[in-house]
Amino acid sequence: MLFNSYPFIFVYLPLTLLVFFALGRVNHKLAAGWLAAASLFFYGWWDARYVVLLLTSCLFNYALGIGIARARHAGDLRRGKGLLVFAVVTDLLLLGYFKYANFFLSNVNALLGTSTFIGEIVLPLGISFFTFTQIAFLVDAWQGKAQEYSFVHYGLFVTYFPHLIAGPILHHREMMPQFARAETYRPHFENLAAGLTVFIIGLVKKVILADGIAPYVGPLYGLPQAGVEPTFFEAWGGVLAYSLQLYFDFSGYCDMAIGLSLMFGVRLPLNFHSPYKAANISELWQRWHMTLSRFLRDYLFIPLGGHRKSAIRRYFSLVATMVLCGLWHGAGWTYVLFGALHGAYLAVNQAWRMLRKRHFRRRSSPSWWGRPLAVLLTFTAWLVGLAIFRSEELADPAVMLPAMSGSFGF
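A. Seen up close, the overall build of the protein chain. Each helix and strand in the protein chain was counted, giving 16 helices and zero strands. Compactness check: the protein chain gives a C-alpha radius of gyration of 23 Å against a globular reference of 22 Å for 410 residues, within 12% of the reference. Its C-alpha atoms put the protein chain at 70 × 60 × 50 Å along the principal axes. Relative to its full complement of 410 residues, the protein chain shows a buried share of 50%. Relative to all contacts within the protein chain whose residues are 6 or more apart in sequence, the contacts with residues 24 or more apart total 73%.

B. Main features of helix 12 (residues 290-301). Those residues of helix 12 that sit buried are Thr-291, Leu-292, Ser-293, Arg-294, Phe-295, Leu-296, Tyr-299 and Phe-301. Contact partners of the buried residues in helix 12: helix 5 (127-143), helix 8 (172-179), helix 11 (281-287) and helix 13 (311-329).

C. Structural detail: the packing of helix 10 (residues 232-263) against helix 16 (residues 397-404). Remark: helix 10 packs on helix 16, axes separated minimally by 7 Å, with the N-to-C direction vectors making an angle of 110 degrees. By the angle between their axes, helix 10 is roughly perpendicular relative to helix 16. With respect to the hand of their crossing, helix 10 and helix 16 are arranged in left-handed fashion. Between helix 10 and helix 16, the residues in contact are Phe-232, Ala-235, Trp-236 and Val-239 and Met-400, Ala-403 and Met-404, respectively. Looking at the contact of helix 10 with helix 16 residue by residue, the classes come out as seven nonpolar, no polar and no charged.

D. Seen up close, the environment of Leu-244. By the element assignment, Leu-244 lies in helix 10. Separated by 26 residues in the primary sequence, Leu-244 and Leu-270 place their C-alpha atoms 20 Å from one another.

E. Looking closely at the side chain of Asn-61. Counting through the fold element by element, Asn-61 comes out in helix 3 (residues 49-73). One polar contact links Asn-61 to Asp-91, side chain to side chain, over a distance of 3.2 Å.

F. Region of interest: a nonpolar patch on the surface. Residues Leu-196, Ile-200, Val-204, Val-207, Ile-208 and Leu-209 make up a contiguous nonpolar surface patch of roughly 470 Å² in combined accessible area. Residue placement: Val-204 occurs in helix 9 (residues 189-221).

G. The side chain of Ser-150, seen in detail. Its location among the elements puts Ser-150 in the loop between helix 5 and helix 6 (151-159). Ser-150 gets classed as buried once you look at its relative accessible area, which sits at 11%. Once you skip the residues sitting within four places of it in the chain, Ser-150 turns out to touch Lys-29, Tyr-62 and Met-176.

H. Quick look at the packing of aromatic side chains. Enumeration according to the criterion identifies 51 aromatic pairs in this entry. Considering the side-chain rings of Phe-137 and Tyr-149, the 6.3 Å spacing of their centres and the 65 degrees angle between planes classify their relative orientation as edge-to-face. Here Phe-137 is found in helix 5, whereas its partner Tyr-149 is found in the loop between helix 5 and helix 6, with twelve residues between them in sequence. Measuring from ring centre to ring centre gives 5.2 Å for Phe-232 and Phe-233, while their planes differ by 90 degrees; the resulting arrangement is edge-to-face.

I. Examining the nonpolar core more closely. Among the nonpolar cores identified, the biggest contains 111 residues, and Phe-3, Phe-8, Phe-161, Trp-288 and Leu-386 are the most heavily contacted of them. When residues in this core are grouped by element, the largest group, 15 residues, is from helix 10. Not counting the four nearest positions on each side in its chain, Phe-8 is found in contact with Met-1, Leu-2, Phe-3, Leu-13, Pro-14, Phe-42, Phe-161, Phe-199 and Leu-260.

J. Layout of helix 6. By the criterion of burial, helix 6 is predominantly enclosed, with seven of the nine residues buried. Of the positions making up helix 6, those classed as buried are His-153, Tyr-154, Gly-155, Leu-156, Phe-157, Val-158 and Thr-159. Here the buried face of helix 6 lies against helix 2 (28-46), helix 3, helix 5, helix 7 (161-164) and helix 8.

K. Molecular detail of unusual backbone geometry. Positive phi outside glycine occurs at Ser-274, with the angle close to 45 degrees. Looking at where Ser-274 falls in the secondary structure, it is placed in the loop between helix 10 and helix 11. A positive phi angle, close to 45 degrees, is found at His-289, a residue other than glycine. Checked against the element boundaries, His-289 lands in the loop between helix 11 and helix 12. The class of His-289 is buried, set by a relative accessible area of 3%.

L. View of the pattern of salt bridges. Tallied over the entire structure, the rule returns eleven salt bridges. A salt bridge links Asp-298 to Arg-297, with the shortest nitrogen-to-oxygen separation between them at 2.8 Å. Residue classification places Arg-297 among the partly exposed residues on the basis of a relative accessible area of 43%.

M. Structural context of the packing of helix 9 against helix 10. Contact geometry of helix 9 with helix 10 gives a least axis separation of 7 Å together with a crossing angle of 160 degrees. In terms of their interaxial angle, helix 9 and helix 10 are classed as roughly antiparallel. The chirality of how helix 9 crosses helix 10 is left-handed.

N. Looking closely at the state of the cysteines. All told, the structure shown has zero disulfides when counted by the stated rule. Free of any disulfide, Cys-325 has its nearest neighbouring cysteine sulfur in Cys-254, separated by 14 Å.

O. Region of interest: the confidence of the model for the protein chain. Summary statistics for the protein chain give a mean pLDDT of 90 and a share of 99% for residues scoring 70 or more. Looking over the protein chain, one finds the lowest element-wise mean pLDDT in helix 8, namely 85, and the highest in helix 1 (residues 6-24), namely 96.

P. Highlighting the environment of Met-256. Tracing the chain through its elements places Met-256 in helix 10. Note on Met-256: relative accessible area 0%, which makes it buried. Between the alpha carbons of Met-256 and Ala-141 there is a distance of 30 Å; along the sequence they are 115 residues apart.

Calculation notes
Once a new chain begins, its residue numbering starts again from 1 and follows that chain's sequence as written. Per-residue local features of the predicted model are confined to residues with pLDDT of at least 70, and side-chain atom pairs are confined, for both listing and counting, to 80 or more; whole-chain, interface and lining totals are unaffected and use all residues. Each side-chain value is worked out from all heavy atoms of the structure, with water and hydrogens disregarded. Only runs of H or I of at least four residues qualify as helices and only runs of E of at least two qualify as strands under DSSP, and these elements are numbered from the N terminus. The globule rule used here is 2.2 Å times the number of residues to the 0.38 power, and the radius of gyration it is set against is calculated over C-alpha atoms. In this scheme, a residue with accessible area under 20% of its type's maximum is buried, one over 50% is exposed, and one in between is partly exposed, where area comes from a 1.4 Å probe on protein chains only. Note on contacts: a residue pair qualifies if any of its non-hydrogen atoms lie within 4.5 Å across the two residues. Axes, fitted as lines to C-alpha atoms, cover a helix only where it is in contact. Angles between the N-to-C directions of the axes lie from 0 to 180 degrees. Oblique is the label for any angle not under 35 degrees, not over 145, and not in the 65 to 115 range, which are roughly parallel, roughly antiparallel and roughly perpendicular in turn. Crossing handedness follows the turn of the near helix against the far one: under a right angle anticlockwise gives a left-handed crossing, and clockwise gives a right-handed one. Three classes are used: nonpolar for Ala, Val, Leu, Ile, Met, Phe, Trp, Tyr, Cys and Pro, charged for Asp, Glu, Lys and Arg, and polar for all others, with Gly counted as polar. Identification of polar contacts relies on pairs of N or O atoms within 3.5 Å, with a donor-acceptor requirement for protein atoms, meaning one able to donate a hydrogen and the other able to accept it, and with residues adjacent in sequence counted only if both atoms are side-chain atoms. Patch criteria: residues need more than 30% relative accessible area and no salt bridge. Like-charged residues are merged within 9 Å; nonpolar side chains of Val, Leu, Ile, Met, Phe, Trp and Tyr are merged within 5 Å. Computed with a 1.4 Å probe, the accessible areas rest on the Shrake-Rupley method; for each residue, only the protein chains presented here act as cover. Note on definitions: salt bridges are taken to be side-chain nitrogens of Lys or Arg within 4 Å of carboxyl oxygens of Asp or Glu. In summary, the pairing rule links any two rings of Phe, Tyr or Trp, Trp by its six-membered ring, whose centres are within 6.5 Å, and it sorts them by plane angle into stacked for under 30 degrees, edge-to-face for over 60 and tilted for everything else. The set of buried Ala, Val, Leu, Ile, Met, Phe, Trp, Tyr and Cys residues whose side-chain atoms join them within 4.5 Å is what this entry labels a nonpolar core. Two cysteine sulfurs form a disulfide in these notes if their separation is within 2.5 Å. Along the chain, pLDDT gives the predictor's confidence residue by residue, from 0 to 100.

Right, here's the structure in full:
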């Protein structure tokens, strides 16, 4: 069931809202339980078999989170850390099996000339989001940031349908207190009106703009697969069209998620903030999929050393983080290449900042043309990355990128 489908808009959403607020008058936990059950139904609409996977993941991580918190409270840090490592590794192995097992085996087969096959693995809907959300909960429990451990609220926190398909990646401390507030279970006209407005804006972005642009993208990106060398304008037309499709698709889903949640009186964190206005690549990633960027910074880049180590270590951490970010988006070498390219972008950006700080100590205000030029440069670098990101095969960028430079004519 998609946010833009008729069953969702005209049946599921009104019914879920009405029952949630009706039960909220009687018992808050009963209302939260209803919303969790409705979220599981929403997930099961896609494939009921994977509801068991989602529930098992919730029970496993909740139990381990409680164990980590108790060990920390008792001062048994060794046991707590051991539970944390076990839980995170288990979560990542599960994610890796569903998302990357066939990709890994295909590469091993190509390297060794073997033909090992484990069958087709259907990727469970939203597995990256509910896995990362629960890893954040485990780390919060270890760090003492998780303060509320109601199982009903935790189940709702993980399965909450507005964020289950396309994010945002939630922090326990952002959401659980909201489910504990009495006003969440009372309908507020302002929330309903604002939420519906934001949802409709997101719906228009998705259905009218993103889906309207999509038919122009596939044929242009398909030219290398057909053995055709795109011209300069064909290549740039395809990449620009895809940049707009991707922008309105993800922006639309983020708006719809925020709007839907607001109708229930729950505020989701902002996940998208005009990234094409960014004046450098670091700012772009702070505006695009903001909660993913935050997660990668807090739980990967900083543990790898962050800004505390040497410049070489910092650049390595940036590239490693972005390679994993690329793989997070999909199992394929084009995603790895996209991530490595953006890691290199960020390393260059960091080096440029250090150079400016060292040689130009006095900060001057940007000239009237400086920021527009920086925005144009950043957007162009982003488009080069999208030429790789959207490609089906690793050989396709070797056609698209020269085409964008005019190698095959204008």
